[in-house]
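Each chain, letter by letter, is given below.
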Amino acid sequence: MTSEMRLRRDVDALCPTPRHRDVPGSLQAARAHCREQLEEAGWTAEERVFRPRPAPRLSDAGHPVSPLAMRWMSDLEGVNLLATPPGHPGHQAGDVLLMAHLDTVRCSTGADDNASGVAVTLEVARQLRGRDHRVVIALVDLEELWHLGSRELARTLPRPGLVVCLDAVGFFDERPRTQRLPAGLGLRFPALARQLRMNEHRGNFLLAVHRRSSAAFAACWARAATAAGLPTA
């Protein structure tokens, strides 16, 4: 089976329903599929339950955001799925953390956001099998409630040396005007806006958003993507 076929299979397996806390069994089934794939690739996977404190939060129903979307939420429970490679002594400071969020909003099965990112992490796990590395994989929960799974990682894991977060990497369209910048982003990043205009706003690229401290990694990633024929921004 080719990488493309495995990616397609993983996305299909994750998308029969929304992966949402209000859809019974949906997140459990998604985690079970991911855990099975990770363990088949030789990784050790564990589930970590966390319970965020009660607070007003934006709704994860998936409707347009407005002040009315705020809800008081209590009794939340999330589960992050963490995986370490064979022989890894556990989560250590300086590891590379490869992550994607597993949950969706209530109104979508989330093939792009974010089954695509999860599928890529699973394929990376397969590709790294038998190699010497310090990559840890995290598939996080409750991200649509303002990054609660990621916040739990930041609170509990040793500080990683690099974090690579994959989100909505599955959309691709060669037609002009199939990609728009969020409002205001072009003013903040004029060179990026100019690059997209020259490309007639085609949705045929991957966008890398990075901190200054991650610039060297982002440049290396962009060179590899370009060499593979995938435009980057």
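Details of the structure are given in the entry above.
Residues numbered from 1 in each chain as written. Predicted model: local features only at pLDDT ≥ 70, side-chain atom pairs only at ≥ 80, totals over all residues. Heavy atoms only, no water.

### Here's the deal with the sheet that holds strand 4 (residues 78-84)
Part 1 of the argument: Reading across the sheet, the five strands line up as 1-4-6-5-7 and stay open at both edges, with mixed pairing between neighbours. The outermost strands of the open sheet, each flanked by one partner alone, are strand 1 (44-50) and strand 7 (162-165). Geometrically, the sheet is characterised by an average inter-axis angle of 20° between neighbouring strands, direction not taken into account.
Part 2 of the argument: When strand 5 (residues 96-101) meets strand 7, the two strands line up parallel, connected through four bridges. Along strand 7, the bridge assignment pairs L97 with V163. (Pairing = 2+ DSSP bridges. Helix = DSSP H or I, 4+ residues; strand = E, 2+ residues; numbered from the N terminus. Axes fitted to C-alpha atoms, helices over the stretch in contact; angles between N-to-C directions.)

### Observations concerning the nonpolar core
Part 1 of the argument: Within the largest apolar cluster, 26 residues are counted, with the highest numbers of intra-cluster contacts made by L14, C34, L38, W43, V118, I137 and L139.
Part 2 of the argument: Secondary-structure elements contributing two or more residues to this core are helix 1 (3-14), helix 2 (26-40), strand 4, strand 5, helix 3 (111-127), strand 6 (135-140) and strand 7.
Part 3 of the argument: Per-element accounting of this core gives the leading share, five residues, to helix 3.
Part 4 of the argument: Formed by eight residues, the second largest nonpolar core is a distinct cluster that contains L82, L97, L153 and L157. (Core = buried A, V, L, I, M, F, W, Y, C linked by side-chain atoms within 4.5 Å. Buried < 20%, exposed > 50% of the residue type's maximum accessible area, 1.4 Å probe, protein only.)

### Some details on helix 6 (residues 190-198)
Part 1 of the argument: Listed in full, the buried residues belonging to helix 6 are L192, A193 and L196. Seen along its axis, helix 6 keeps its buried residues to an arc of 100°; they face one direction. The outward face of helix 6, more than 90 degrees from its buried face, is lined by the exposed residues R197 and M198.
Part 2 of the argument: Looking at the buried side of helix 6, the elements it contacts are helix 5 (185-188).
Part 3 of the argument: Among the residues trailing helix 6, E200 stands out with phi positive, at a value near 55°. (Arc of directions from axis to C-beta. Contact = heavy atoms within 4.5 Å.)

### Structural notes on the packing of aromatic side chains
Part 1 of the argument: Scanning the entire structure with this criterion turns up zero aromatic pairs.
Part 2 of the argument: In this arrangement the basic side chain of R188 is found over the ring face of F189, its NZ or CZ atom lying 4.8 Å from the centre. (Phe/Tyr/Trp six-rings, centres within 6.5 Å; stacked < 30°, edge-to-face > 60°. Lys NZ or Arg CZ within 6 Å of the ring centre and 35° of its normal.)

### So, helix 2
Part 1 of the argument: Helix length check: helix 2 (15 residues) gives 21 Å between terminal C-alpha atoms against 21 Å at 1.5 Å per residue, within 8%.
Part 2 of the argument: Here helix 2 has its buried residues at S26, L27, A30, R31, H33, C34, Q37 and L38. When helix 2 is viewed along its axis, its buried side chains cluster within an angular range of 160° and face the same direction.
Part 3 of the argument: For helix 2, the elements touching its buried residues are helix 1, strand 1, strand 4, helix 3 and strand 6.
Part 4 of the argument: At the C-terminal side of helix 2, G42 shows a positive phi close to 95°. (Expected span 1.5 Å × (residues − 1).)

### Some words on the environment of T156
Part 1 of the argument: Locating T156 in the fold gives a position in helix 4 (residues 148-156).
Part 2 of the argument: Classification of T156 as partly exposed rests on a relative accessible area of 37%.
Part 3 of the argument: Separated by 23 residues in the primary sequence, T156 and Q179 place their C-alpha atoms 37 Å from one another.
Part 4 of the argument: A distance of 2.7 Å separates a polar atom in the side chain of T156 from the backbone oxygen of E152. (Polar contact = N/O pair within 3.5 Å; in protein donor to acceptor, adjacent residues only side chain to side chain.)

### With respect to the packing of helix 2 against helix 3
Part 1 of the argument: At a minimum axis distance of 9 Å, the contact between helix 2 and helix 3 shows a crossing angle of 20°. Between helix 2 and helix 3, the angle falls in the class roughly parallel. Relative to helix 3, the crossing made by helix 2 is right-handed. Of the residues in helix 3, those touching helix 2 at H33, C34, Q37 and L38 are V118, L122, A125 and R126. (Parallel < 35°, antiparallel > 145°, perpendicular 65-115°, else oblique. Left-handed = near helix turned anticlockwise from the far one by under 90°.)

### Focus on the packing of helix 1 against helix 3
Part 1 of the argument: Close contact between helix 1 and helix 3 brings their axes to 9 Å; oriented N to C, the two are set at 135°. Here helix 3 runs oblique to helix 1, going by the angle between their axes. Crossing handedness for the pair helix 1 and helix 3: right-handed. Contacts between helix 1 and helix 3 involve S3, R6, L7, R9, D10, V11 and L14 on the former and, on the latter, A111, A115, S116, V118, A119, V120, L122, E123, R126 and Q127.
Part 2 of the argument: In terms of residue class, the contact of helix 1 with helix 3 is made up of nine nonpolar, three polar and five charged. (Nonpolar A, V, L, I, M, F, W, Y, C, P; charged D, E, K, R; others polar.)

Remember, this is a structural readout, not a statement about activity or role.
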